[in-house]
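# Structure at a glance
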Amino acid sequence: MKTIEVDGIKVRIQIWDTAGQERYQTITKQYYRRAQGIFLVYDISSERSYQHIMKWVSDVDEYAPEGVQKILIGNKADEEQKRQVGREQGQQLAKEYGMDFYETSACTNLNIKESFTRLTELVLQAHRKELDGLQTHASNELALAELEEEDGKAEGPANSSKTCWC
Ligand SMILES: Nc1nc2c(ncn2[C@@H]2O[C@H](COP(=O)(O)OP(=O)(O)OP(=O)(O)O)[C@@H](O)[C@H]2O)c(=O)[nH]1
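Rules used in this analysis
Residues numbered from 1 in each chain as written. Predicted model: local features only at pLDDT ≥ 70, side-chain atom pairs only at ≥ 80, totals over all residues. Heavy atoms only, no water. UniProt positions renumbered as here; feature names shortened; annotations may be inferred. Near = heavy atom within 4 Å. Polar contact = N/O pair within 3.5 Å; in protein donor to acceptor, adjacent residues only side chain to side chain. Areas by Shrake-Rupley, 256 points an atom, 1.4 Å probe, with all protein chains shown as cover. Nonpolar A, V, L, I, M, F, W, Y, C, P; charged D, E, K, R; others polar. Buried < 20%, exposed > 50% of the residue type's maximum accessible area, 1.4 Å probe, protein only. Helix = DSSP H or I, 4+ residues; strand = E, 2+ residues; numbered from the N terminus. Arc of directions from axis to C-beta. Contact = heavy atoms within 4.5 Å.

The protein is annotated in an unreviewed UniProt entry as Ras-related protein Rab-15 of Heterocephalus glaber. Under the UniProt heading Cofactor (unreviewed entry), the note attached to the protein is "Mg(2+)". The protein has a UniProt comment under Catalytic activity (unreviewed entry) that states "GTP + H2O = GDP + phosphate + H(+)".

Next comes the structure, spelled out in structure tokens:
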């Protein structure tokens, strides 16, 4: 669990780190079902991990809820000397899938906060209608409460034989 602030709203996010290995795939798929946002992560020093992204995308399409938000991440950006995947390759793939893209480093913290904030933003935007609905509902309730109070006033001491509000 982590709390981050997006557009002045405090959002509590629950983060699941799924196993990458094939043998854990059955368990991994369980995680997708309730996900609202997903990072698809490859390692910039591993061409193989980059090639694997297509498989992750098709799994996500199959098992994650419709409308799940996705961001492509090229991690280990601090390992420049071992780089096998160009930044443009990451950008290109992200573009193909209509995703945002970040190169990150868990070691130097490069783009970690930015990518989490962005994914949270996307999830919030995707649920904006529901949020607006909640807000409208809340303000309707407020308006109703005010009306009731107005009504109450009309029957208050000035207009009734009662001498107190209790
Ligand atoms: N240099 C560098 N090493 C990293 C970075 N992120 C993770 N590592 C290292 O990469 C190795 C694997 O990290 P994990 O977090 O276990 O990777 P994972 O993808 O969760 O692994 P699985 O759960 O087995 O799929 C560890 O030795 C980490 O220290 C990074 O940004 N830069």
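A word on the site of the ligand. In the neighbourhood of the ligand, the contacting residues comprise Asp 17, Ala 19, Gly 20, Gln 21, Asn 75, Lys 76, Asp 78, Glu 79, Ser 105, Ala 106 and Cys 107. One of the side-chain nitrogen or oxygen atoms of Asn 75 is found 3.0 Å away from a nitrogen atom of the ligand. Contact distances for the ligand include 3.1 Å between an oxygen atom and a side-chain N or O atom of Lys 76. Relative to its unbound accessible surface of 640 Å², the ligand loses 48% to contact with the protein. Grouping the amino acids of the shell around the ligand by side-chain chemistry returns three nonpolar, four polar and four charged.

What follows is about helix α3 (residues 53-63). Taken as a whole, α3 has its buried residues at Ile 53, Trp 56, Val 57, Asp 59 and Val 60. Buried residues in α3, looked at end-on, bunch into an arc of 165°, giving them a common side. Among the exposed residues of α3, those pointing more than 90 degrees away from its buried face are Asp 61 and Glu 62. For α3, the elements touching its buried residues are α1 (25-32), β3 (37-43), α2 (47-51), β4 (69-75) and α4 (87-97).

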